[in-house]
Amino acid sequence: MHGPSGGWNDDPMTQTHASSQPRISARIGGIAESATLAVDAKAKALKAAGRPVIGFGAGEPDFPTPSYIVDAAVAACSEPANHRYTPAGGLPALKEAVAEKTRRDSGYDVQPSQVLITNGGKQAVYEAFATLLDPGDEVLLPAPYWTTYPEAIRLAGGVPVDVLADETQDYLVTVDQLEAARTEKTKVLLFCSPSNPTGAVYPREQVEAIGRWADEHGLWVVTDEIYEHLTYDGVEAVSLPVAVPSLADRCVVLNGVAKTYAMTGWRVGWLIGPADVVKAATNLQSHATSNVANVSQRAAIAAVSGELDAVDEMKVAFDRRRRKIVQMLNEIDGVVCPEPKGAFYVYPSVKGLLGREVDGVTPTSSTELAELILDKAEVAVVPGEAFGSPGYLRLSYALGDEDLVEGVTRLQKLFA
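Just so we're clear, the structure is a prediction, and the values are computed from it rather than from any experiment.

Colleague: Looking at this model, I keep getting lost on the pairing of strand 4 (residues 159-164). Mind explaining?
Modeller: If a strand is regular, its side chains alternate between the two faces of the sheet. For strand 3 (residues 138-143) and strand 4, the ladder comprises 6 bridges, and the chain directions are parallel. Counted as the bridge partner of Leu-141 is Asp-162 from strand 4.

Structural data, given as structure tokens:
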């Protein structure tokens, strides 16, 4: 490429033409790649190249989508109406079905006009923040957090404010911590229970306390409930606007079919909120993507209208794997792995492994540790830096039992 005098330089983030303007906007150039998808892609590439890599990176059930849902999609393909544009906010039948599912599963009474069908949960996350935030508005972001939250907040012009909870408090933030982080610029609290990446589940009394605190200070809450059905040991996932009804007019609920019904690739999520917020977010979506693929929406109708037998079967396997992976990780000297109560992730502290030489390499961060593990043990994990808490690793146990045991056995041997 030409040097500065010729109009170009070699750095794609700062490349300029004769006008000396950056090629990539600061807004988009500042977005970090999804760490979980990056790890998963690298693991799959290495596997395709013949290396026996075991991937704990992606939060994706290893089960097929239930057959009755697939059958609904096959039938929908033959309907000419599904070959056309439909309302940008979602098929009326799906919005009705989501409202009914929400009443059934959460006890939250909403109308179809309060539902926006989105292209997966990630679009719901972005559109919620884009609709609520003005430049400079602050969002309290309990950490460890899912990697997409801070990027979506920044893309919408907001400022994420991390509130860290470590394993000594079961990864659950307290009202006192939130209050200490609140400023006059705070507009929104992000709440996620069951949590990605930790699997932590807030007990009802803590949900109520946080909800009352947010209500008292006039804050909005964006609550992600996509793991609502994946809880263990009799633990209940409590919906925040149900626990604190007075907050409902300033609460946006995010959800989708991906985790509950093993439908990650179908790309159907939704946003539930006050009618004016939903209308504004729908306007945004009408320009961004128009409607979600109709065949996927028809499949989602079958999913949310059906029984929960499929997820109950998956939970049996997830629970078995949860117990096994916790047991095996805690057998590694230097690893402390709390037992999660929800989702399908473990989030062990690996601080005891940092600074320890392994095969001539001495990792000083969880990012370096994850690189070492992939190189030496051919196991893909996601470092805690991606979730706002260095010194940890996230491992998904939504993979086969044999791969799980083999993968953690490799870690045990590596750090023996």
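Colleague: Explanation requested: the pattern of salt bridges in the structure shown.
Modeller: Any two side chains of opposite charge can pair, on the condition that their charged atoms come close. What the rule picks out here adds up to 23 salt bridges. A single network of salt bridges, built from pairs that share partners, joins Asp-233, Asp-319, Arg-322, Arg-323, Glu-339 and Lys-341.

Colleague: Can you walk me through the layout of surface pockets in this structure?
Modeller: If a probe the size of a water molecule is rolled over the atoms, the empty space left behind becomes visible. A volume near 490 Å³ is recorded for the largest pocket. Every residue lining the largest pocket is counted, 28 residues in all, and those nearest its centre are Gly-59, Lys-122, Trp-146, Lys-259 and Arg-267. At the level of secondary structure, the elements contributing two or more residues to the lining of the largest pocket comprise helix 2 (35-48), helix 5 (120-132) and strand 7 (251-256). Considering each element in turn, the lining of the largest pocket owes the most residues, 4 residues, to helix 5. Residues that form the lining of the largest pocket fall into these classes: 12 nonpolar, 9 polar and 7 charged.

Colleague: Before we go on, may I ask you to explain helix 4 (residues 92-106) in this structure?
Modeller: In an α-helix there are 3.6 residues to a turn, and that puts residues three or four apart on one side. When the terminal C-alpha atoms of helix 4 are compared, their 21 Å separation across 15 residues agrees well with the 21 Å that a helix rising 1.5 Å per residue should span. For helix 4, the complete set of buried residues consists of Leu-94, Lys-95, Ala-97, Val-98, Ala-99, Lys-101, Thr-102 and Ser-106. Those residues of helix 4 that are buried lie in contact with strand 2 (115-118), helix 9 (240-243), strand 7, strand 8 (269-272) and helix 11 (294-305). Looking one or two residues beyond helix 4, the residue adopting positive phi is Gly-107, at roughly 75°.

Colleague: Mind showing me how you'd approach empty space enclosed by the protein here?
Modeller: Within the structure shown, the criterion is met by 2 cavities of 30 Å³ or more. Here the largest cavity is characterised by a volume of approximately 130 Å³. Lining the largest cavity are 15 residues, and of these Pro-142, Pro-144, Cys-192, Ser-195 and Tyr-202 sit closest to its centre. Put simply, the parts of the chain that give the lining of the largest cavity at least two residues each are strand 3 and strand 5 (186-192). Of the residues forming the lining of the largest cavity, the biggest block, 3 residues, is contributed by strand 5. Classifying every residue of the lining of the largest cavity gives 12 nonpolar, 3 polar and no charged. Its volume calculated, the second largest cavity comes out at about 50 Å³. Around the second largest cavity, the lining residues are Leu-329, Ile-332, Val-335, Pro-348, Val-350, Leu-353, Ile-373, Leu-393, Leu-395, Leu-411 and Phe-415. Classifying every residue of the lining of the second largest cavity gives 11 nonpolar, no polar and no charged.

Colleague: Would you mind showing me how to read the environment of His-83 here?
Modeller: Looking at where His-83 falls in the secondary structure, it is placed in the loop between helix 3 (67-77) and helix 4. Separated by 211 residues in the primary sequence, His-83 and Asn-294 place their C-alpha atoms 7.5 Å from one another. A polar side-chain atom of His-83 sits 3.4 Å from the main-chain carbonyl oxygen of Glu-79.

Colleague: What is the right way to look at the sheet that holds strand 4 in this model?
Modeller: Sheets are built from strands that pair by backbone hydrogen bonding, the pairs being arranged parallel or antiparallel. Taken together, the 7 strands give an open sheet; going across it, the order is 2-8-7-6-5-3-4, and neighbouring strands pair in mixed fashion. Lying at the two open borders of the sheet, with one neighbouring strand each, are strand 2 and strand 4. This sheet shows a mean twist of 20° between the axes of neighbouring strands, independent of strand direction. Lying over the sheet, helix 4 contacts strand 2, strand 7 and strand 8, oriented at roughly 115° with respect to strand 2.

Colleague: Whenever I open this one, the packing of aromatic side chains confuses me. Can you help?
Modeller: Pairs of aromatic rings are described using the distance from one ring centre to the other and the angle between the two planes. Considering all chains together, one arrives at 11 aromatic pairs under this definition. Taking 5.3 Å as the distance between ring centres and 85° as the angle between the ring planes, the aromatic pair formed by Trp-146 and Tyr-149 counts as edge-to-face. With respect to burial, Trp-146 and Tyr-149 carry one shared label: buried. Centroid distance Tyr-227 to Tyr-345: 5.8 Å. Interplanar angle 80°. Geometry classified as edge-to-face. Of this pair, Tyr-227 sits in the loop between strand 6 (220-224) and helix 9 while Tyr-345 sits in strand 9 (residues 345-346), placing them 118 residues apart in sequence. Judged by relative accessible area, Tyr-227 falls into the buried class, the value being 3%. The exposure class of Tyr-345 is buried, given its relative accessible area of 0%.

Colleague: When you look at the nonpolar core in this model, what are you seeing that I'm missing?
Modeller: By size, the foremost hydrophobic cluster in this structure holds 60 residues, and its most contacted members are Leu-94, Ile-117, Leu-178, Val-221, Val-257, Trp-270 and Ile-272. Not counting residues up to four positions away in its chain, the partners in contact with Leu-178 are Leu-140, Val-163, Val-173, Leu-189, Ile-210 and Trp-213. Listed in part, the 41 residues of the second largest apolar core include Tyr-227, Val-346, Leu-369 and Val-381.

Colleague: What exactly am I supposed to notice about the packing of helix 4 against helix 11 here?
Modeller: Helix-helix packing: each pair is described by the crossing angle between the helix axes and the interaxial distance. Interaxial distance between helix 4 and helix 11 falls to 9 Å at its minimum, and their mutual angle equals 25°. The angle between helix 4 and helix 11 falls in the class roughly parallel. Crossing of helix 4 against helix 11: the hand is left-handed. Taken together, the residues of helix 11 that come into contact with helix 4 (itself represented by Ala-93, Leu-94, Ala-97, Val-98, Lys-101 and Arg-104) are Gln-297, Ala-300, Ile-301, Val-304 and Ser-305. For the contact of helix 4 with helix 11, the residue count by class is 7 nonpolar, 2 polar and 2 charged.

What counts and how
- Residues numbered from 1 in each chain as written.
- Predicted model: local features only at pLDDT ≥ 70, side-chain atom pairs only at ≥ 80, totals over all residues.
- Heavy atoms only, no water.
- Pairing = 2+ DSSP bridges.
- Helix = DSSP H or I, 4+ residues; strand = E, 2+ residues; numbered from the N terminus.
- Salt bridge = Lys/Arg side-chain N within 4 Å of Asp/Glu carboxyl O.
- 1 Å grid on protein atoms, 1.4 Å probe; cavity = no way out; pocket = protein on both sides within 12 Å on 5 of 7 lines; lining within 4 Å.
- Points joined across faces, edges and corners; volume = space filled by probe spheres on them.
- Nonpolar A, V, L, I, M, F, W, Y, C, P; charged D, E, K, R; others polar.
- Expected span 1.5 Å × (residues − 1).
- Buried < 20%, exposed > 50% of the residue type's maximum accessible area, 1.4 Å probe, protein only.
- Contact = heavy atoms within 4.5 Å.
- Polar contact = N/O pair within 3.5 Å; in protein donor to acceptor, adjacent residues only side chain to side chain.
- Axes fitted to C-alpha atoms, helices over the stretch in contact; angles between N-to-C directions.
- Phe/Tyr/Trp six-rings, centres within 6.5 Å; stacked < 30°, edge-to-face > 60°.
- Core = buried A, V, L, I, M, F, W, Y, C linked by side-chain atoms within 4.5 Å.
- Parallel < 35°, antiparallel > 145°, perpendicular 65-115°, else oblique.
- Left-handed = near helix turned anticlockwise from the far one by under 90°.

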